[in-house]
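Residue-level structural notes
These are the residues of each chain, in order.
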Amino acid sequence: MKISYKHLSQRILSSPDIDELSERLFHLGHEHEINDQIFDLEITPNRGDCLSVDGLLRDLGLFYDYQENNKIFEKKIDPFEFEFINNVPNQCKKISFLKIVIDEIPDSYKDFMKSYYDDMPNKKNNFFTDVSNYISYETGQPTHCYDSNKLGNYLLLDNVCDGGNFATLLDKDINLIGDDLVFKNKENNIVNLAGVVGGQNTACNIDTKSVIVECAHFNPESIIGKSIKYDISSDAAHKFERNTDSERHEYILRRFLKIIEDHSTIKEAKILNMSFEDTNPIKIPFDCNKLNKILGTNISDKECKNYLTRLGFEIDSNNIEVPSYRNDIKSINDISEEIARSIGYDNINPKTLLVAKERMKDTNNENRLKQLLIDNGFFEVINNPFTHELNENSIKVDNSLDSNKRFLRTSLKNSLTNNLLYNERRQHDSIKLFEISNIYTNALEEEKRLIGIIASGRVDKNYRDFSKKISNNYVKEILESAKINFKKDFIEIPRTSIDSKLKNHISYIEFEIKPELEINYDAQIKDSYEFKKYVPISEFPSSSRDLSFAVKNPSDLIILEDFLLNLDYESLKNIYIFDYYINHKNQEIKIGFRFTFQSSIETIKDTEINNLMDNIVNQCLKIESVSIPGLEE
Amino acid sequence: MSKLQDINPPKLTKGLGSYHPITQTLDHITNILLDYGFNIIDGPEIETEEFNFDMLNIRKSHPARQMHDTFYVNDKSNVLRTHTSPVQIRGMLSQQLPLAMISSGKVYRKDDDATHLPMFHQIEGMYINEGVSFANLKDLIYKIIYSLFGEDIKVRFRPSYFPFTEPSAEVDILSEDGVWLEILGCGIVNPIVLDNCKINSNKYSGLAFGLGIERIAMLKYQVKDIRDFYKSNLDFLSHFK
C-alpha cells in the first residue's frame, strides 16, 4: 500500500522529517520502502485498520499529536427512501446509502484531491469515482458509486451460485463461478460483485450528476479470494478482506459529502443507515501483571495505560475498551503485543532461558547410511515430488502448478534418472547420486521413507578405478560392507527407455529405510559445517587433456606429482592421476594425468589450452628423468 | 636409482561425495538446537486441514488456505503441509509438559518463481512451560542467530503477524551491504493454540520460532539463486564437500 509522506506529515503537529517517520513506522511494525517521498508499506494482514492515512496516523499517535479528523458535512441530511433487501445479514452487518445530486461537474479539484492524483500513482476516472477513491485512501473505507439514474431505487444483496457472465466497470467480462456475494437490481441483474468490483450497467461516467454511494461492512470471509479468483486488481477487496470499521459509516459519508460540497453545489443529499446486527465494543480486563508476565517486562500500570490510550483504547479501572477499528484485538495477548510495539521490540531485554534437558543421543540410521554413501563418492540430491506419472497408488494434486505434473511420485527412480541424464549432458563421466525422501500413496497411513541410489560411468577418478565401470555389484558391495540387509533387487534402467545413446550401465536400487534397518558403519558424522562461500559454477563447456609421463628416477616422480597437483591456473578446473604402473622391464614408472579446463566467461579455446599445456610440458621436461613417450622433439 | 618396487605409489585419491547443502544447513541448525535441549519430532508431509490450519488458529477465511496458496490433494481431502507447525500440534497433543521440540522438513506452497519454490524446507521450534515470556524468546533467538552468524551480527526484532503466535515478531540481521535481511519468524504461542491442544493456557505459555532453511543456506553460502539447490548439478554439489 502506498501512502505519501506529505499526506501523513501535514496532519502531524510536529511535522517530522521522512527519516524520523520511517523509523517510527518500522518501530510499529509497518515494514516499508520509500520511493519519491512515498511509503510503500507491507501492512500485516491483521492490520486492515492501517490501510489509509487516517489509520496510520492513529498508530503514529503513539508518538505524535495529530489532526484526527478532516472536515465533514455538518448539516442535517434527509432520510433516503431506498428499498434495500439484505438476504445475507451474516455477511453484511451494516450498510449505508447516500444519494447525492449535484448541479455541475467540477473541472478541477481542490488542493488535497489534486495532490492525491498528482503525487500518487492513481488515474482519474470521473468525479464521483475519484472522490470515492480518495475517501478510501484517506479513511480506509471503500465506497461504491452507482449512477442513480441507471440503478433506480432498489438493491438486493444475496449469495449466488454460478452467476454467469458479469460485465465489470473495468471493461472486463468475468464468468461468475461458484458462490459469490452480489448486489442485484430490480430486474434481478447483477450490478456489483460485492466488495470487489462494480458493474458496467450502473457505473458512473464523466456526465454523472446523480449517484447513490454505498458504504458497507462485509464479512471478510465473503470477500477473501474473489479478486484472485477473477483476476481483478481491487483496492476495495484488499481492504474488505482485512476488515473495515463498521462503526464509521456516518463519518465516512459525511466526509464524502463534504468533499462534494467543496467542489460543487449539492442539489439533493439523502442518507439511509441500516444495521443487521448489534455490535458492542470488545472489553478486555486490564491486568498489568499478566501483560508483564507475557512479555517478561516490568512496566507500571501508568505506563501501560498511557501507551494504550495513545493508541485509541479507552481504559477504566478494570477494562480496556477496544476501538471499533481494531478488529484484530480480542485477548490479553493481543494487548500485550500493543504494549510490546509501544515499548519497541528491540527495547525489551532478553531473559535467560534454560530449556534444561540433556542432548538426545543420535541413533539415526539414516545419517549413517548417508555417510557411507558420501564416503564412497555419492552426492545427495533433493527433488520435488511432483510428477506426470500415474499409477494405482498415486496421490493426485488437485491444483497442481504444472498440468503435466499432477501427481505425487511413488518412487524416486524417475527423479534420479533425470538427475543422472542432466549430469551426463554436462560431460560428467562418473555420476553417483542418492536421494532420501518420504513417499506417499493413496493409503496415507503407509508413509514410507525411501532411499534411491543411482550410479553410472567410472567408479572413481583415480588410477586404480579410472578404467573400472560402475556395476550393480559395485553398489551392492558398498551396501554390504555396512552389512545392510536391503532385501531389494536392482532395477534395470535400459538406455533405450530414457532416450540415451551412452552405453554405460545404469545401476539403480531403491529400498525403504525402516527404523529397524541395521547399518553397521562407524560413521564420522559432522555436527557443524564451515559454510564455505560458494563460487558460481561456469555454464560453459569444459575440455580435457591427458599427459602420460615416463619417469626413471622415483625421486623425480615426487617432484613431478608435486608440481602438477599444485598447478594454479584460473581455467584449470580439475587434475587427477588416471594411470600409474611400474614397467619393470624398462625400469621406469608410467604415470598419466588428466587435466580439465573451463572458463567462467566463455567457451575455452583450444589455443588457450594448448598454450597452457605447452607450458606444463616444458616445465615437466625440465625434471631430469621425466619424459613423455611419443613426444616429438 | 632406488629400487622401483620400493617406492610409494602416488596417493590414491578417493572421490568423496557430499551432503546436499540444504541438509548441511538443516543439520547445523538442528545440532545447535539439540545442544540447547530441544528434541526432534517428526510428522507427515500430507496433512489434514485441521492440523495444518484449524488447530493453529488459521481461520477458514485466511488467504493461505486458498487454492492459489496451498496444494490440495485427493479431491481436497488433505493438503501438502504448508509449514512444519502441524508437527508441533501433534507434539503438543502427545507429549508431556514441559516440552521442547523441533520439527523440520519439506513444506509446500503454490509458488514458483526466481525467489520462491513449490517445495522448500523449514525448521521450527517450540518450548512450553510455566512462565515462558517474550523476553525468554528473545534470549533464545539471539543465541540461535549468534551461533549461526557470530556474535558481532546486528539483530533487530520487528512486530509481525502469525495467527498461531501473539505477540509475533520477525527478526532481521544486518548484512555486510548494510541491508536488513529477514531471518526468521517467532512469537509467544497464541493461547488459542494451547487451548486447542488441551494445554491449560492460564498455567502454561510457550514460545515458537521458525526458519526457512533455503534462506539461511543462501546467506551462509552466498548462493544467489534458490533454484540452484534443486538442479542436482554435480558441479554445484561438489562445492559443498
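Rules used throughout
Residue indices begin from 1 for each chain and proceed along its sequence in written order. A letter from A marks each chain and a number from 1 marks each ligand, given out in the order of writing. Where local features are concerned, this predicted model is filtered to residues with pLDDT of at least 70; where side-chain atom pairs are given and counted, the filter is 80 or more; whole-chain, interface and lining totals use all residues. Think of it this way: any DSSP run of H or I at least four residues long counts as a helix, any run of E at least two long counts as a strand, and we number them from the N terminus. In this description the radius of gyration comes from C-alpha coordinates, and the expected globular size is given by 2.2 Å times residues to the power 0.38. Any residue with 12 or fewer other C-beta atoms within 10 Å of its own C-beta is exposed, any with 20 or more is buried, and the rest are partly exposed; the C-beta atoms used are placed from the backbone. Contact between residues is assigned whenever the C-beta positions, reconstructed from backbone atoms, fall within 7 Å. Strands are labelled as partners when DSSP assigns at least two bridges between them. Note on residue classes: Ala, Val, Leu, Ile, Met, Phe, Trp, Tyr, Cys and Pro are nonpolar, Asp, Glu, Lys and Arg are charged, and everything else, Gly too, is polar. Interaxial angles span 0 to 180 degrees and are taken between N-to-C directions of axes, which are lines fitted to C-alpha atoms, for helices over the stretch in contact. In what follows, roughly perpendicular refers to angles from 65 to 115 degrees, roughly parallel to angles under 35, roughly antiparallel to angles over 145, and oblique to any angle outside these ranges. Handedness of a helix crossing follows the sense of rotation of the near helix relative to the far helix, less than a right angle counterclockwise being left-handed and clockwise being right-handed. Buried Ala, Val, Leu, Ile, Met, Phe, Trp, Tyr and Cys residues whose C-beta atoms connect them within 7 Å together make up a nonpolar core.

Here's the deal with the overall build of chain A
- The number of helices and strands found in chain A is 18 helices and 29 strands.
- Over its C-alpha trace chain A gives a radius of gyration of 37 Å, far above what one expects of a compact globule, namely 26 Å for 633 residues.
- Seen along its three principal axes, the alpha-carbon backbone of chain A occupies a region of about 120 × 60 × 55 Å.
- The 633 residues of chain A split such that 36% are buried.
- Contacts in chain A between residues at least 24 apart in sequence constitute 70% of all its contacts with a sequence separation of at least 6.

Considerations on the sheet that holds strand E4 (residues 78–80) of chain B
Residues and elements named next belong to chain B.
- One open sheet holds the three strands; their spatial order is E2-E4-E3, and the pairing between them is antiparallel. Lying at the two open borders of the sheet, with one neighbouring strand each, are strand E2 (46–47) and strand E3 (72–73).
- Two strands pair when backbone bridges link them, and E3 and E4 are joined in this way by two bridges, in the antiparallel orientation. Each bridged residue has a counterpart across the sheet, and for valine 73 the counterpart in E4 is asparagine 78.

Quick word on the interface of chain B and chain A
- Opposite the 82 residues of chain B that make contact, chain A presents 89 residues.
- Here the side of chain B that touches chain A takes eight residues from helix H1 (residues 21–36) of chain B, the largest share from any one element.
- In the side of chain B that touches chain A, the residues fall into 41 nonpolar, 26 polar and 15 charged.

A short note on the packing of helix H5 (residues 127–139) of chain A against helix H10 (residues 249–263) of chain A
All names here are of chain A.
- Contact geometry for H5 and H10: axes closest at 10 Å, N-to-C directions at 130°. Here H10 runs oblique to H5, going by the angle between their axes. Between H5 and H10 lies a crossing of right-handed hand. In this structure, H5 contributes Val131, Tyr134, Ile135 and Thr139 to the contact, and H10 contributes Ile252, Arg255, Phe256, Ile259 and Ile260.

As for the sheet that holds strand E22 (residues 407–408) of chain A
Residue and element names in this part refer to chain A.
- Ordered by their spatial adjacency, three strands build an open sheet running E20-E22-E21, and the pairing between neighbours is antiparallel. Sheet topology places strand E20 (386–387) and strand E21 (395–396) at the edges, where each strand pairs with a single neighbour.
- Pairing analysis gives two bridges linking E20 to E22, with the strands arranged antiparallel. The residue of E22 that forms the bridge with threonine 387 is phenylalanine 407.

Some points on the pairing of strand E3 (residues 38–42) of chain A
All names here are of chain A.
- Here strand E1 (residues 2–4) pairs with E3 via three bridges, running antiparallel. Of the residues in E3, the one forming a bridge with lysine 2 is aspartate 40.
- In the sheet, strand E2 (residues 31–35) pairs with E3 via five bridges, with the strands oriented antiparallel. Looking across to E3, one finds that glutamate 31 is bridged to glutamate 42.

Side note on the nonpolar core
- Ranked by internal contacts, the top residues of the largest apolar core, which has 71 residues, are B:Ile141, B:Cys186, B:Val189 and B:Leu207.
- If we ignore the near neighbours within four places in the chain, the residues touching B:Val189 are B:Met126, B:Ile128, B:Phe164, B:Thr165, B:Leu194, B:Ser205, B:Gly206, B:Leu207 and B:Ala208.
- If you look at the next biggest cluster of nonpolar residues, it comprises 55 residues, including A:Cys204, A:Ile212, A:Phe218 and A:Phe240.

Quick look at the pairing of strand E12 (residues 190–193) of chain A
Residues and elements named next belong to chain A.
- Note that strand E11 (residues 179–184) and E12 share three bridges and pair antiparallel. Looking at the pairing, phenylalanine 183 lines up with asparagine 192 of E12.
- Pairing analysis gives two bridges linking E12 to strand E13 (residues 197–198), with the strands arranged antiparallel. Within E13, the residue paired with leucine 193 across the bridge is valine 197.
- In this antiparallel pair of consecutive strands, E12 and E13, the connection spans three residues, and glycine 195 shows a positive phi of 75°.

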